[in-house]
Amino acid sequence: MRRFAQLGRTRRVATGIMALVLASLLGGAVALAAGPAIQTFTPHSANQITNLDVLRQQIRNYYGDPMGTGNFASDSYYAKEATSVANAGARYLAAHSHQHGLKAIVLDVDDTTLATWNYEVFSNWAYNPTTNATYVNGQLFPAVPGMVDMVTKAAKEGYAIIWITGRPATQEAATLGNLTSDGIGVDAGYPAPTKLVDGEDGLFTKPAVADYPAYLKTACAAEISAGSSCTTIHYKSATRAHIESLGYDIVADFGDQFSDLKGGFTDQTFKLPNPNYYLP
Ligand SMILES: [Mg+2]
């Protein structure tokens, strides 16, 4: 579900991308210095930092779950904000639904179409691939508020419905079951992913490096030669480029992480709220 399946959540893994950019800007054969993955300011006083326990409580309040049961409230500020983004997306897609030719929307899974609030509470915001897989394989995530309506309308308007997720290929069947209605665990009730014109299914999970299609081998050559897997931005934007190469226009891309949305190959982006984690 996150960037590198074999490493688990990579929010703390330095990417070195900024260093690469800097090195190329400086034009020299500069040795790469790995920096922190999240670029932010350095507080000069503890007063500039929200106490971590207080912050967790604020997030619980935002989800309408002050006692941390793992169930967010349908009238919470989280639900209202997510629904507001979904509605904005629906309006945009309706306005562009007359467009001729193949048109598509791209969706991320975690915290864009399925809400992982229950796992954040369970894990106390400490991602662990083993416990997370229990939630994924048990299909335990409810829909993000507002998103099923938006996607259902888009499908009726003729948009291909395509998911691109960092979840590993090994979790594809469980992910499909959680998103749609297979009678196992939670059924979020989304329309099925659209089969693409070349026969591919419309749920793109992240393959093992050895199984990368040619477009990922090309886009992620630097990562592969460094012994890593595609960064989220490269994986997702190269997959969108592949989809557009089949003739689709990706009219909108929905994600909860900026890395879901960067890298082009979409006409418009929509950012779902997620104060729980940051994936570069
Ligand atoms: Mg996500």
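See the structure shown above.
Residues numbered from 1 in each chain as written. Predicted model: local features only at pLDDT ≥ 70, side-chain atom pairs only at ≥ 80, totals over all residues. Heavy atoms only, no water.

### Brief notes about the overall build of the chain
- Tallying secondary structure elements over the chain gives eleven helices and five strands in all.
- Each of the 280 residues in the chain was classed as buried or not, and the buried ones make up 47%.
- The long-range fraction of contacts in the chain, counting pairs at least 24 apart against all pairs at least 6 apart in sequence, stands at 68%.
- Total accessible area on the chain is roughly 13200 Å²; 59% of this is exposed by carbon and sulfur atoms. (Helix = DSSP H or I, 4+ residues; strand = E, 2+ residues; numbered from the N terminus. Buried < 20%, exposed > 50% of the residue type's maximum accessible area, 1.4 Å probe, protein only. Contact = heavy atoms within 4.5 Å. Areas by Shrake-Rupley, 256 points an atom, 1.4 Å probe, with all protein chains shown as cover.)

### Examining the pairing of strand 2 (residues 160–168)
- Among the nine residues that make up strand 2, nine are buried, leaving the element largely enclosed by the rest of the structure.
- By the alternation rule, side chains of strand 2 split into Ala-160, Ile-162, Ile-164, Gly-166 and Pro-168 and Ile-161, Trp-163, Thr-165 and Arg-167, which are all buried.
- Sheet topology note: the strand 1 (residues 103–107)/strand 2 ladder contains four bridges and is parallel. Across the sheet, residue Ile-105 finds its bridge partner in strand 2, namely Ile-161.
- Across three bridges, strand 2 lies against strand 3 (residues 203–206) in parallel orientation. For Trp-163, the partnering residue across the bridge sits in strand 3 and is Leu-203. (Pairing = 2+ DSSP bridges.)

### Some thoughts on the state of the cysteines
- Using the criterion set out here, one finds one disulfide in the structure.
- The side chain of Cys-220 participates in a disulfide bridge whose partner is Cys-230; the two sulfur atoms lie 1.9 Å from each other. Across the S-S bond linking Cys-220 and Cys-230, the dihedral sits near 105°, which makes this disulfide right-handed. Here Cys-230 lies in the loop between helix 9 (221–225) and helix 10 (232–245) and Cys-220 lies in the loop between helix 8 (214–219) and helix 9, a separation of ten residues in the sequence. (Disulfide = S-S within 2.5 Å.)

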